Amino acid sequence: MQYVSTRGSAPALGFEDVTLAGLASDGGLYVPESWPSFSPDDIRALAGLSYVETAVRVMAPFVTGSLGEEELRELCEAAYGRFSHDAVTPLVQLDHRHWLLELFHGPTLAFKDVALQLLGELFERFLSRREDHLTIVGATSGDTGSAAIDAVAGRAKVDIFMLHPEGRVSDVQRRQMTTVRAPNVYNIAIDGSFDDAQALVKAMFNDADFSRRFNLSAVNSINWARLMAQVVYYFYAAVRLGAPERPVAFSVPTGNFGDVFAGYVAAQMGLPVARLMVATNVNDILHRALSEGDYSQGQVVPTATPSMDIQVSSNFERLLFDAGGRDGKALAQQMHGFEASKAMRLTNAQRDGASKLFASTRVDADGMTMAMRWAYDAAGQIIDPHSAIGLAAARAMDVDPSVPVVTLATAHAAKFRDAVERATGTRPPLPPRVGDLFAREESYAKLPGTFEAVTAYVAERATPRA
Ligand SMILES: Cc1ncc(COP(=O)(O)O)c(C=O)c1O
Ligand SMILES: N[C@@H](CCOP(=O)(O)O)C(=O)O
């Protein structure tokens, strides 16, 4: 499988190179040159398979040329062996048509573990083939950071520098990052928003000398391998609910558009997806883009769903590329225009392409609270605020009543105990695997959100290429 850049001028690369590169050299994101296709019989054959076997079947076409099937299985077994539920991503029924897909049974209690545990294994495998060393630079609004750090802490061939917006992640999220003691882990709180942190990361990649000197790579969902691993659970859930005979709809609490884009990929591969609901909080750039064609960056408003407090959604570029006719040169111009003016209109082709599958809903704080209460009253489920945004949108979804609706439950309620307590009156306890979090010592740097300050910090500590 070869991968091409959404901006049309970086060289096409195989899976191994794409995984290690993170971002394409023209500033674009890598996507497969064509979508693998699963027939109804291929999908039927997934029934009853374990999560690991489903993962091997779904991901095999994406890694051809870089990993054999047995190698892929080994890596999946290592990655998913650390999950605390046998099903890895179990489904929980809420009522006759609503389901939660629990994605938070990994080591750091958020859906990010599903992809990042595998990415840690992939880095190790590919780096051992090359005798090379990577410097990972990442940005987090709370969950990617801890999941990525857990996945690579202590690995000899990788250093990780993780930027988070100071004061804008929950205490549990921050401590999950800053209490990890490993010589290759560097946490940086920057003065600014997640968007500022993400822009700094992209600027480091776009500085060709800096990027080459430190062999930069990405753990954010700009890295294709992240999304590939997330495609698996759409298949796993839909097959359990009757696919390919029965279509399934998904509602996805959305920020950087990675998780929901993985659902789009599953649909392009042949999974019968009736609808993909993009559920945003009041930071609603994606809702405005999908409903009105207006992708213009507003000020980020801090909310009880900090991981979705995002106004520039990296992976939206992948949708604009694919749904808009795969014209990389034209998209490069459109994206440069957005980077300069912070505003962009979707073309008719992009809007038409997206509207075939996507719907969107903006959910405010009241809607979120009501969904948390409904999940508790209707099914005794305590859900986190991000999952509640997804559930509120799911309950407003306009699809055939015979279609099951799956809300992606993206984080464990214990990560956001204050918000959950405010909404439900119940304070979720910390699960045993993170039980001593508040007794551990924190360590992190505080830096201004400038390119100069962050690159100087990284350059002093990272391992330059030989
Ligand atoms: C708990 C949680 N829910 C939802 C999201 C949004 O997912 P995405 O950025 O893939 O759209 C995030 C962050 O990415 C998150 O951490
Ligand atoms: N919500 C995310 C933001 C980063 O998104 P990513 O999926 O691109 O890594 C977080 O929790 O950090």
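Residues numbered from 1 in each chain as written. Chains lettered and ligands numbered in written order. Predicted model: local features only at pLDDT ≥ 70, side-chain atom pairs only at ≥ 80, totals over all residues.

### Regarding the site of ligand 2
Phase 1 of the analysis: Within the structure, ligand 2 sits among 13 residues, and Thr140, Asp143, Thr144, Asn220 and Ser221 are positioned closest to it.
Phase 2 of the analysis: Grouping the constituent residues of the shell around ligand 2 by class yields no nonpolar, twelve polar and one charged. (Near = placed C-beta within 6 Å. Nonpolar A, V, L, I, M, F, W, Y, C, P; charged D, E, K, R; others polar.)

### Considerations on unusual backbone geometry
Phase 1 of the analysis: Of note, the amide linkage connecting Ala243 to Pro244 takes the cis form, showing an omega dihedral of 10 degrees.
Phase 2 of the analysis: Tracing the backbone through its elements, the reader meets Pro244 in the loop between helix H10 (224–240) and strand E10 (248–253).
Phase 3 of the analysis: With a phi close to 65 degrees, Val88 is a non-glycine residue in the positive phi region.
Phase 4 of the analysis: In this structure, Val88 sits in the loop between helix H4 (69–80) and strand E4 (91–93).
Phase 5 of the analysis: Val88 gets classed as buried once you count the C-beta atoms within 10 Å, which come to 26.
Phase 6 of the analysis: A positive phi angle, near 65 degrees, is found at Lys342, a position not held by glycine.
Phase 7 of the analysis: Relative to the elements of secondary structure, Lys342 occurs in the loop between helix H14 (328–341) and strand E13 (343–345).
Phase 8 of the analysis: The class of Lys342 is partly exposed, set by 13 C-beta atoms lying within 10 Å. (Helix = DSSP H or I, 4+ residues; strand = E, 2+ residues; numbered from the N terminus. Buried ≥ 20, exposed ≤ 12 C-beta atoms within 10 Å, placed from the backbone.)

### Remarks on the site of ligand 1
Phase 1 of the analysis: Within the structure, ligand 1 sits among 17 residues, and Asp143, Asn256, Gly258, Ser307 and Thr410 are positioned closest to it.
Phase 2 of the analysis: With three residues, helix H11 (residues 258–268) is the largest single contributor of residues to the shell around ligand 1.

### Side note on the pairing of strand E7 (residues 158–165)
Phase 1 of the analysis: Counted residue by residue, E7 has eight buried out of eight residues, so it is predominantly covered.
Phase 2 of the analysis: Neither face of E7 is exposed, since Val158, Ile160, Met162 and His164 on one face and Asp159, Phe161, Leu163 and Pro165 on the opposite face are all buried.
Phase 3 of the analysis: Both strand E6 (residues 134–139) and E7 contribute to a ladder of six bridges, which runs parallel. Looking across to E7, one finds that Leu134 is bridged to Val158. (Pairing = 2+ DSSP bridges.)

### Focus: the sheet that holds strand E3 (residues 30–32)
Phase 1 of the analysis: Within the open sheet, the three strands sit side by side as E2-E1-E3. Their pairing is antiparallel. Each having just a single partner strand, strand E2 (13–14) and E3 make up the two edges of the open sheet.
Phase 2 of the analysis: Summarising the sheet, strand E1 (residues 2–5) and E2 pair through two bridges and their orientation is antiparallel. Among the inter-strand pairings, Gln2 is bridged to a residue of E2, identified as Gly14.

### Describing helix H12 (residues 285–292)
One turn of an α-helix holds 3.6 residues; hence residues three or four places apart share an orientation.
Phase 1 of the analysis: If you check which residues of H12 are buried, you get Ile285, Leu286, His287, Ala289 and Leu290.
Phase 2 of the analysis: The secondary structure elements touched by the buried residues of H12 are strand E11 (273–280), strand E12 (294–296), helix H13 (316–323), helix H15 (348–355) and strand E14 (358–362).
Phase 3 of the analysis: The positive-phi residue at the C-terminal boundary of H12 is Gly293, with phi of around 80 degrees. (Contact = placed C-beta atoms within 7 Å.)

### Digging into the environment of Pro244
Phase 1 of the analysis: Exposure remark for Pro244: the 19 C-beta atoms within 10 Å place this residue in the partly exposed category.
Phase 2 of the analysis: Sequence separation between Pro244 and Leu271 is 27 residues; the distance between their C-alpha atoms is 6.9 Å.
Phase 3 of the analysis: Contacts of Pro244, omitting those with residues within four sequence positions, involve Pro40, Ile43, Arg44 and Pro272.

### Quick notes on the UniProt feature "modified residue: N6-(pyridoxal phosphate)lysine" (unreviewed entry) in the protein
Phase 1 of the analysis: UniProt's feature table lists "modified residue: N6-(pyridoxal phosphate)lysine" (unreviewed entry) at Lys112, given in the numbering used throughout.
Phase 2 of the analysis: Looking at where Lys112 falls in the secondary structure, it is placed in helix H5 (residues 112–130).
Phase 3 of the analysis: Aside from chain neighbours lying at most four places away, what touches Lys112 is Asp143, Thr144 and Ala147. (UniProt positions renumbered as here; feature names shortened; annotations may be inferred.)

### What to know about the sheet that holds E11
Phase 1 of the analysis: Ordered by their spatial adjacency, six strands build an open sheet running E4-E5-E15-E10-E11-E14, and the pairing between neighbours is mixed. The open sheet has two edge strands, E4 and E14, and neither has a second partner. Between one strand axis and the next, the sheet turns by 25 degrees as a mean value, whatever way the strands run.
Phase 2 of the analysis: Pairing between E10 and strand E15 (residues 405–409): three bridges, direction parallel. The residue of E15 that forms the bridge with Ser251 is Thr407.
Phase 3 of the analysis: Each of E10, E11 and E15 touches H11; the most contacted strand, E11, lies at about 170 degrees to it.
Phase 4 of the analysis: On top of the sheet, helix H17 (residues 385–395) reaches strand E5 (98–102), E10, E11, E14 and E15; it is set at about 140 degrees to E10, its chief contact. (Axes fitted to C-alpha atoms, helices over the stretch in contact; angles between N-to-C directions.)

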